[in-house]
Amino acid sequence: MQLKPINQQVVAIVGASSGIGRETAMLFARRGAKVAVAARSESGLNSLVNDIHSFGGEAIAIVADVSDFEQVKAIADQTVATYGRLDTWVHAAATGILAPFEEITPQEFQRVIDVTLMGQVHGAMAALPYLKQEGRGALIHISSMEGRRGLPLQSPYSAAKHGLEGFLEALRVELQYEKLPISVTSVLPSVINTPFYNKVATKLGVKPTGIPPYYDPSIVAEAILYVAQHPTRDFIVGDVGRVLDVLQKVSPPLLDSVLTAIGIPGQRTNEPKSEDAPNNVFEPIAGYDKVKGDFGKLEIPSISDWFEMNQPIKWGALAVAALGVAAFLGGWVNGNDV
């Protein structure tokens, strides 16, 4: 399966007013793609389009709530009406609520599912007919490491991301059975320093935080552009995410114990915040139309992502390491031969 170079692509980015989506839209546009950006925040989209136009990029904005399929379909329709086609669909829209499960209302839980899971389903439904019409393309869905391992205090978000993983697995096989050259990728970020924790609802009595360390949103954007050109099943972003994935596969009870110790206190700051504070669960909120959140001092670099995007070097390094281990063991055995 071959995907177009970035500078030949028309890309729709959903959830683009802030965070990962905003950074991704800027990066696609800087590298020559035509972009359609969508979100609920009209002010955020307008400022993003202005930023893209300022360096000569091409972009249009479409206001949409992803919980409504007709509004999501309008994103795809308007993108094709403007640019003539759709090559890549990037879906990043999400919301959440941090609270003990028993303090979350059914309406709140349902709303997180409607946006964070059903929004992704609506995105695939809207984009697929146009990707089939084009004869190839990429569906890129921004999941989370919570799609692999749920976290305490985030039961609706964890449920949505687990559901997304199951949906993408089913869809991917159906497309492969039909022999359709459409790549379906799940991008699973670790904890990323975006305004997510400023915008979501909380019933913790304090401003919430992800469990540190954090990573810069740019590493997720780079991963998204990579899979937009290189068909990839899953792409975990961040070294910590890859460690978490291994631990979950090896011993879920061990990870249960770790999260029992750090999962709940590790998601609380010392900054008071009322549960009545503005949040974006049901409506967009102003003031956070930016890429980064408040936790820059907790950011660390990630090494393994670079190797994932440079596969020949990755496998060469592993081969060298394997030879080194074999040589060491051979020398040790010979040195102890009696």
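Thresholds applied
- All residue numbers here refer to positions counted from 1 along the written sequence of the relevant chain.
- pLDDT decides what is reported in this predicted model: residues at 70 or higher carry local features, side-chain atom pairs at 80 or more are listed and counted, and totals for whole chains, interfaces and linings draw on all residues regardless.
- To obtain the side-chain values, all non-hydrogen atoms of the structure were used and water was disregarded.
- Helical segments are the DSSP runs of H or I of at least four residues, strand segments are the runs of E of at least two, and each set is numbered from the N terminus.
- Any two residues whose heavy atoms approach within 4.5 Å at even a single point are treated as in contact.
- Each salt bridge in this description consists of a side-chain nitrogen of Lys or Arg and a carboxyl oxygen of Asp or Glu lying within 4 Å of one another.
- Only protein chains enter the accessibility calculation, which uses a 1.4 Å probe; a residue whose area is less than 20% of its type maximum is buried, one above 50% is exposed, and one in between is partly exposed.
- Exposure above 30% relative accessible area and the lack of any salt bridge qualify a residue for a patch; like charges then connect within 9 Å, and the nonpolar side chains Val, Leu, Ile, Met, Phe, Trp and Tyr within 5 Å.
- For the accessible areas, the method is Shrake-Rupley and the probe is 1.4 Å, while residue cover comes only from the protein chains on display.
- Angles here are taken between N-to-C directions and fall from 0 to 180 degrees, while the axes themselves are lines fitted to C-alpha atoms, restricted in helices to the stretch in contact.
- Comment on the angle field: the value is read as roughly parallel under 35 degrees, roughly antiparallel over 145, roughly perpendicular from 65 to 115, and oblique elsewhere.
- Crossings are sorted by hand: turned counterclockwise from the far helix by less than a right angle, the near helix makes the crossing left-handed, and turned clockwise it makes it right-handed.
- Residues are grouped as follows: nonpolar covers Ala, Val, Leu, Ile, Met, Phe, Trp, Tyr, Cys and Pro; charged covers Asp, Glu, Lys and Arg; every other residue, Gly included, is treated as polar.
- Throughout, the protein atoms alone are placed on a 1 Å grid, and a set of points is a cavity if a 1.4 Å probe fits but cannot get out or a pocket if it is open with protein on both sides within 12 Å along at least five of seven lines; lining residues have an atom within 4 Å of a point.
- Grid points are joined across faces, edges and corners, and a volume is the space filled by probe spheres set on the points.
- Should DSSP find at least two bridges between two strands, the strands are regarded as paired.

Q: How should the side chain of S18 be read in this particular structure?
A: Along the chain, the position of S18 falls in the loop between β1 (10–14) and α1 (19–30). Excluding residues within four positions of it along the chain, S18 makes contact with P195, K199, Y288, D289 and K290.

Q: Any chance you could explain the pattern of salt bridges here in plain terms?
A: Close approach of charged atoms lets side chains of opposite charge pair. A complete count under the given rule lists 18 salt bridges for this structure. One salt bridge in this structure joins R233 and D234, with 2.8 Å as the shortest N-O distance. With relative accessibility at 24%, the residue D234 sits in the partly exposed group. Between K249 and D245 there is a salt bridge, with its nearest N and O atoms 3.2 Å apart. Of the two residues, K249 and D245 are both situated in helix α8 (residues 239–250); the distance of four residues between them amounts to about one turn of the helix. Under the relative-accessibility criterion, K249 is labelled exposed at 63%.

Q: Would you mind going over unusual backbone geometry with me for this structure?
A: Leaving glycine out, the prevailing phi sign among residues is negative, and the prevailing peptide bond configuration is trans. For the peptide bond that leads from P212 to P213, omega is 5°, which places it in the cis range. You can see P213 is positioned in the loop between β9 (206–208) and α7 (217–229). One non-glycine residue, L153, adopts positive backbone phi at about 70°. In this structure, L153 sits in the loop between β6 (137–142) and α5 (155–177). Judged by relative accessible area, which is 10%, L153 ranks as buried. Positioned with a positive phi, K179 is a non-glycine residue whose angle comes to about 55°. The topology assignment puts K179 in the loop between α5 and β7 (182–189). Judged by its relative accessible area of 71%, K179 falls in the exposed class.

Q: Just to check I follow, could you spell out a nonpolar patch on the surface for this structure?
A: On the surface, V243, L247, L254, V258 and I262 cluster together into a nonpolar patch covering about 380 Å² of accessible area. Elements represented by at least two residues in the nonpolar patch include exactly α8 and α9 (252–262). Broken down by element, the nonpolar patch gets its largest block of residues, three residues, from α9. Structurally, V258 is set in helix α9.

Q: Please explain the packing of helix α3 (residues 69–83) against helix α4 (residues 106–134) as it appears in this structure.
A: The packing of two helices is summarised by the inter-axis angle and the distance between the axes. Closest axis-to-axis distance for the α3/α4 pair is 8 Å, and the angle between their directions is 30°. Considering their axes alone, α3 and α4 lie roughly parallel with respect to each other. Of the two elements, α3 crosses α4, and the hand of that crossing is right-handed. When α3 is examined against α4, the residues F69, V72, K73, A76, D77 and V80 are found in contact with a partner set consisting of H122, G123, M125, A126 and Y130. Across the contact of α3 with α4, the residue classes break down as seven nonpolar, two polar and two charged.

Q: What is the right way to look at the layout of surface pockets in this model?
A: Remark: the empty space left among the atoms is shown by a probe the size of a water molecule rolled over them. The computed volume of the second largest pocket comes to approximately 190 Å³. Lining the second largest pocket are 13 residues, with D234, F235, I236, R242 and E308 sitting closest to its centre. Those elements giving two or more residues to the lining of the second largest pocket turn out to be β10 (234–237) and α8. Looking at the lining of the second largest pocket, its residues break down into four nonpolar, three polar and six charged.

Q: Would you mind showing me how to read empty space enclosed by the protein here?
A: Following the criterion strictly, the structure yields one cavity of 30 Å³ or more and no others. What lines the largest cavity is simply L3, K4, Q9, D87, T88, R136, G137 and A138. Each residue belonging to the lining of the largest cavity can be placed in one class, and the counts come to two nonpolar, three polar and three charged.

Q: Help me understand the pairing of β7, please; the structure alone is not making it clear to me.
A: Successive side chains on a regular strand alternate, one facing one side of the sheet and the next facing the other. Within β7, eight of the eight residues are buried, which leaves the element mostly enclosed by the surrounding structure. Side chains of β7 alternate between two faces, with I182, V184, S186 and L188 and S183, T185, V187 and P189 buried alike. Direction of pairing for β6 relative to β7: parallel, over a ladder of six bridges. In the strand pairing of β7, I142 is matched with V187. Taken together, the four bridges between β7 and β10 define a ladder with parallel strand orientation.

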